[in-house]
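# Breakdown of the fold
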Amino acid sequence: MATIYAKAFGKTILFGEHAVVYGQPAIAVPVNAVYAKATIEALPKTNSHDALIVLPNLGITRNLSDFADNDPIRTAISITRDYLSIKMLPAMMITIASNIPIAAGLGSSAAVAIATIKAVSQFLGFSLENKEINDLAFQVEIIQHGKPSGIDNSTITYNQPLYFVKDYSMELLVLKNPIKIVIADSGIRSLTKEVVAEVRALYQKEPDTTGMIFDQIGDISKKARAEIEKGHLKMIGNLMTLNHQLLVRLGVSCNALDNLVDVALGNGAYGAKLCGGGKGGIIIAVTPEIHIEKVISALITNRAANVFMTTIGSTRDKE
Ligand code: PMV
């Protein structure tokens, strides 16, 4: 049997993280500079129904049954198998490689789950619709993150910029022009689940002020949608910085992220903000073309662990 492979790109949230968990709109886009790839080969000479899992980035080669029950890869495979009503897996080796930094706000866990679900279903002879892949990936995210909004798995599955409202709607955003985004990784790793729980505790303690911050973030997402569709970079940048300030008030930033945002702004970016769960991970910046190189080198000089650029809204990324 031929080798099967499937890819899933990373994602970043342009506007609305955390508030999206409480029903406010958010905007997220695929990041095609990073991706997870699952490759499956049949092992015809083996009788085992226990898939062999190879994770080259982590130096792990192990049978599937040796992974913890709630491990995301094990969960992605078993959820897919159950959905397809497959009782026993054929003998196979699944290699999952990813260059998406883990716990950095780039959707690593959702991308790994989606690449795995796609490859396993194809290997078993099924061609799943995006909606089915998205629903399965969301189940994996729930086991990993508790109460996720679903924005990560949706953006990565559909591989398009999305205007997303939890449990309500998901619209594909059409950008007037492609937008270049600078991404700087603080190098600090932080678990989204924990930060989301801290925000929940804050909301319980101070419902009025926290609820007001969520509303303000939601308003920013609404305004940003129109500016993104019109391609007004300066306005998009201004709204990003305002969004960052509100995330600071929610307590999800940290010195390293604030510093990277300041460095981007101080070197000519129109705007910048942290992305995803926060307390580590990445910041993004929207920058006039002439300042992009300056912003990138300033971020590197000022202790970003990694800086790269991605273009959103150009063409749909090929898998
Ligand atoms: O940290 P990430 O990239 O998984 O993004 C999480 C986004 C949150 O809004 C904080 C949580 C969620 O489930 O939407």
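For the structure given in this document, a descriptive report is provided here. (Residues numbered from 1 in each chain as written. Predicted model: local features only at pLDDT ≥ 70, side-chain atom pairs only at ≥ 80, totals over all residues. Heavy atoms only, no water.)

On to the overall build of the protein. Counting secondary structure elements, the protein contains 9 helices and 11 strands. On C-alpha atoms alone, the protein measures out to a radius of gyration of 20 Å, which is about the 20 Å that the 2.2 N^0.38 rule sets for 319 residues. Dimensions of the protein along its principal axes, counting C-alpha atoms only, are 60 × 45 × 35 Å. Burial analysis of the protein (319 residues in total) assigns 53% to the buried set. Contacts in the protein between residues at least 24 apart in sequence constitute 74% of all its contacts with a sequence separation of at least 6. Per element, the accessible surface of the protein, about 13,900 Å² overall, is 52% carbon and sulfur. (Helix = DSSP H or I, 4+ residues; strand = E, 2+ residues; numbered from the N terminus. Rg over C-alpha atoms; globule rule 2.2 N^0.38 Å. Buried < 20%, exposed > 50% of the residue type's maximum accessible area, 1.4 Å probe, protein only. Contact = heavy atoms within 4.5 Å. Areas by Shrake-Rupley, 256 points an atom, 1.4 Å probe, with all protein chains shown as cover.)

Our next topic: the packing of aromatic side chains. According to the stated counting rule, one finds 4 aromatic pairs in the structure shown. On the numbers, 6.3 Å between centres and 80° between planes, the contact of Phe-9 with Tyr-35 is edge-to-face. In this pair, Phe-9 is assigned in strand β1 (residues 4–15) and Tyr-35 in strand β2 (residues 26–42), connecting sequence segments 26 residues apart. Judged by its relative accessible area of 8%, Phe-9 is buried. (Phe/Tyr/Trp six-rings, centres within 6.5 Å; stacked < 30°, edge-to-face > 60°.)

Residues in close proximity to the ligand total 15 residues, the closest being Lys-11, Ser-149, Asp-152, Thr-192 and Gly-277. The contact in question runs from an oxygen atom of the ligand to an N or O atom on the backbone of His-18, over 2.9 Å. Here the ligand, which alone exposes 380 Å², has 93% of that area covered by the protein. Broken down by class, the residue content of the shell around the ligand amounts to 6 nonpolar, 6 polar and 3 charged. (Near = heavy atom within 4 Å. Polar contact = N/O pair within 3.5 Å; in protein donor to acceptor, adjacent residues only side chain to side chain. Nonpolar A, V, L, I, M, F, W, Y, C, P; charged D, E, K, R; others polar.)

Another aspect to go through is the packing of helix α5 (residues 192–205) against helix α6 (residues 207–230). At a minimum axis distance of 6 Å, the contact between α5 and α6 shows a crossing angle of 125°. Between α5 and α6, the crossing angle belongs to the class labelled oblique. The segment α5 lies against α6, with Val-199, Leu-202, Tyr-203, Gln-204 and Lys-205 engaging Pro-207, Thr-210, Gly-211 and Phe-214. Broken down by class, the residue content of the contact of α5 with α6 amounts to 5 nonpolar, 3 polar and 1 charged. (Axes fitted to C-alpha atoms, helices over the stretch in contact; angles between N-to-C directions. Parallel < 35°, antiparallel > 145°, perpendicular 65-115°, else oblique.)

Here Ser-154 lies in helix α4 (residues 151–158). Here Gly-150 takes part through its backbone oxygen, which lies 2.7 Å from a polar atom of the side chain of Ser-154. Not counting the four nearest positions on each side in its chain, Ser-154 is found in contact with Asn-134, Asn-159, Leu-162, Phe-164 and Met-170.

If you walk across this open sheet you meet the 4 strands as β9-β10-β8-β11, and the pairing is antiparallel. What marks the edges here is a single partner per strand, and that holds for β9 (271–274) and β11 (306–312). The sheet shows a mean angle of 25° between the axes of neighbouring strands, taken without regard to direction. Two elements, strand β8 (residues 179–185) and β11, share 7 bridges in a ladder whose sense is antiparallel. By the bridge assignment, Ile-183 is partnered in β11 with Phe-308. Sitting on the sheet, helix α9 (residues 292–301) touches β8, β10 (282–286) and β11, and the angle it makes with β8 is about 10°. (Pairing = 2+ DSSP bridges.)

As a further point, take the pairing of β10. The element β10 is extensively covered by neighbouring structure, given that 5 of its 5 residues are classed as buried. The alternating pattern of β10 places Ile-282, Ile-284 and Val-286 and Ile-283 and Ala-285 on opposite faces, both of which are buried. Here 5 bridges tie β8 to β10, and the two strands are oriented antiparallel to one another. From the neighbouring strand, Ala-184 faces β10, where its bridge partner is Ile-283. Sheet topology places β9 next to β10; 4 bridges connect them, and they run antiparallel. Note on β10: the bridge partner recorded for Ala-272 is Ala-285.

A few words on the pairing of strand β5 (residues 92–98). With 6 of 7 residues buried, β5 is to be regarded as a mostly interior element. Sheet topology note: the β2/β5 ladder contains 7 bridges and is antiparallel. Bridge pairing links Ala-42 to Met-92 in β5. Note: strand β3 (residues 52–55) against β5, 3 bridges, orientation parallel. Residue pairing in the sheet places Val-54 in a bridge with Thr-95 of β5.

This paragraph deals with α9. Buried residues of α9: Ile-292, Val-295, Ile-296, Ala-298 and Leu-299, and no others. Buried residues of α9 fall within an arc of 165° about the axis and therefore sit on the same side. Those residues of α9 that are exposed and aimed more than 90 degrees away from the buried face are Glu-293 and Thr-301. Tucked inside the fold, the buried residues of α9 contact β8, α8 (255–266), β10 and β11. Arg-303 sits one or two positions beyond α9 and adopts a positive phi of about 75°. (Arc of directions from axis to C-beta.)

Fair warning: the whole summary comes from geometry, so function is off the table for now.
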